[in-house]
Amino acid sequence: AQTVTQSQPEMSVQEAETVTLSCTYDTSESDYYLFWYKQPPSRQMILVIRQEAYKQQNATENRFSVNFQKAAKSFSLKISDSQLGDAAMYFCAYRSAGGTSYGKLTFGQGTILTVHP
Amino acid sequence: DVKVTQSSRYLVKRTGEKVFLECVQDMDHENMFWYRQDPGLGLRLIYFSYDVKMKEKGDIPEGYSVSREKKERFSLILESASTNQTSMYLCASKRAGNSFYYGYTFGSGTRLTVV
């Protein structure tokens, strides 16, 4: 079974600064997908960024980028130029690329991000 | 706008009651999921359904059952609610298949308190 670990229960950052959220995972599979989700106080889960394991190039989406280290099984999220609206709970998630997995997600414990003005 | 709708945002039930949590999606998605969210534990999969009347256990199915009689509706049932089932419950749906581009759509959650 796969596991996802987020070792930072809480993080804080000053507005306009950069913050990195950590995520490690454990799997014996070679083909999989990784995701970062944001959950604001509204509770609506929002996909922030995603990465395919076989792609070495790190994904980027505007101010959000990842540092994907496949050998180390690490998938950190970097938020640049932090904004007040970035304050939320962030979840790292794993999904097997296998056809029989039905696309089940395995989530980490979550990191609460506070942004200070 | 595509949606996954959970019938209740907040729910308070008594120990021993039978509880139904309802989830409806309007995207014609084949796959639907029920997750439980607890502080420090993240989201854990309770049950999922890959088609009408088809279901499989997730990681923590004990004390729960599910029903999917119609494609758009996936119900989570607590047969006899207990205080350790006090939690946030999230429903999600996605298209069949495991393409990288088939994303999840989540509901806004039901916060259940069992007293």
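Counting restarts for each chain, with residues numbered from 1 along the sequence as it is written. All chains are assigned letters beginning at A, and all ligands numbers beginning at 1, according to the order in which they are written. For this predicted model, a pLDDT threshold of at least 70 governs which residues receive local features, and a threshold of 80 or more governs which side-chain atom pairs are given and counted, while totals over whole chains, interfaces and linings are taken from all residues. Each side-chain value is derived from all of the structure's non-hydrogen atoms; neither hydrogens nor water enter the calculation.

### Structural notes on the environment of Tyr89(B)
Residue and element names in this part refer to chain B. This is how it is decided: Secondary structure elements follow DSSP: runs of H or I of four or more residues count as helices, runs of E of two or more count as strands, with numbering from the N terminus. Contacts are assigned to residue pairs with any non-hydrogen atoms lying within 4.5 Å of each other. Distance and chemistry together define a polar contact, namely a pair of N or O atoms within 3.5 Å, with one atom able to donate a hydrogen and the other to accept it when in protein, and with adjacent residues in sequence counting only for side-chain atoms on both sides.
Here Tyr 89 lies in strand S9 (residues 87–94). Between the C-alpha atom of Tyr 89 and that of Gly 109, which follows or precedes it by 20 residues, the distance is 5.4 Å. Not counting chain neighbours up to four residues away, the residues in contact with Tyr 89 comprise Gln 6, Leu 21, Trp 34, Tyr 35, Arg 36, Ile 46, Tyr 64, Leu 76, Leu 78, Gly 109, Thr 110 and Leu 112. A polar atom in the side chain of Tyr 89 sits 2.7 Å from the side chain of Tyr 64.

### Notes on the side chain of Ser82(A)
Residues and elements named next belong to chain A. The condition is simple: Think of it in three bands: residues with accessible area under 20% of the maximum for their type are buried, residues over 50% are exposed, and the middle band is partly exposed, with areas taken using a 1.4 Å probe on protein chains only.
Tracing the sequence through the fold places Ser 82 in the loop between strand S9 (74–79) and strand S10 (88–96). Residue classification places Ser 82 among the buried residues on the basis of a relative accessible area of 1%. Within polar-contact distance, the side chain of Ser 82 engages the backbone oxygen of Glu 17 at 2.9 Å. Ser 82 has contacts with Val 13, Gln 14, Glu 15, Ala 16, Glu 17, Thr 18, Val 19, Arg 63 and Val 115, leaving out every residue within four places of it along the chain.

### Some remarks on the sheet that holds strand S8 (residues 73–78) of chain B
All names here are of chain B. As a reminder of what qualifies: Strand pairing is defined by DSSP finding a minimum of two bridges between the two strands. For helices, the fitted axis covers only the stretch in contact; all axes are lines through C-alpha atoms, and the angles between them, taken along N-to-C directions, range from 0 to 180 degrees.
Taken together, the four strands give an open sheet; going across it, the order is S1-S3-S8-S7, and neighbouring strands pair in antiparallel fashion. Each end of this open sheet is capped by a strand with a single partner; those strands are strand S1 (4–6) and strand S7 (64–70). The sheet shows a mean angle of 20° between the axes of neighbouring strands, taken without regard to direction. Two elements, S1 and strand S3 (residues 19–25), share three bridges in a ladder whose sense is antiparallel. Within S3, the position partnered with Gln 6 by the bridge is Cys 23.

### Regarding the interface of chain B and chain A
Quick note on the threshold: Here, a salt bridge means any side-chain nitrogen of Lys or Arg that lies within 4 Å of a carboxyl oxygen of Asp or Glu. All amino acids are sorted into three groups, where Ala, Val, Leu, Ile, Met, Phe, Trp, Tyr, Cys and Pro are nonpolar, Asp, Glu, Lys and Arg are charged, and the leftover types, Gly among them, are polar.
Listed per partner, the contact involves 29 residues of chain B and 25 residues of chain A. For the pair chain B and chain A, the number of links is zero salt bridges. Linking chain B with chain A are 15 residue pairs in polar contact (both at pLDDT 80 or more). The element that contributes the greatest number of residues to the side of chain B that touches chain A is strand S5 (residues 42–51) of chain B, accounting for five residues. Classifying every residue of the side of chain B that touches chain A by side-chain character gives 15 nonpolar, 10 polar and four charged.

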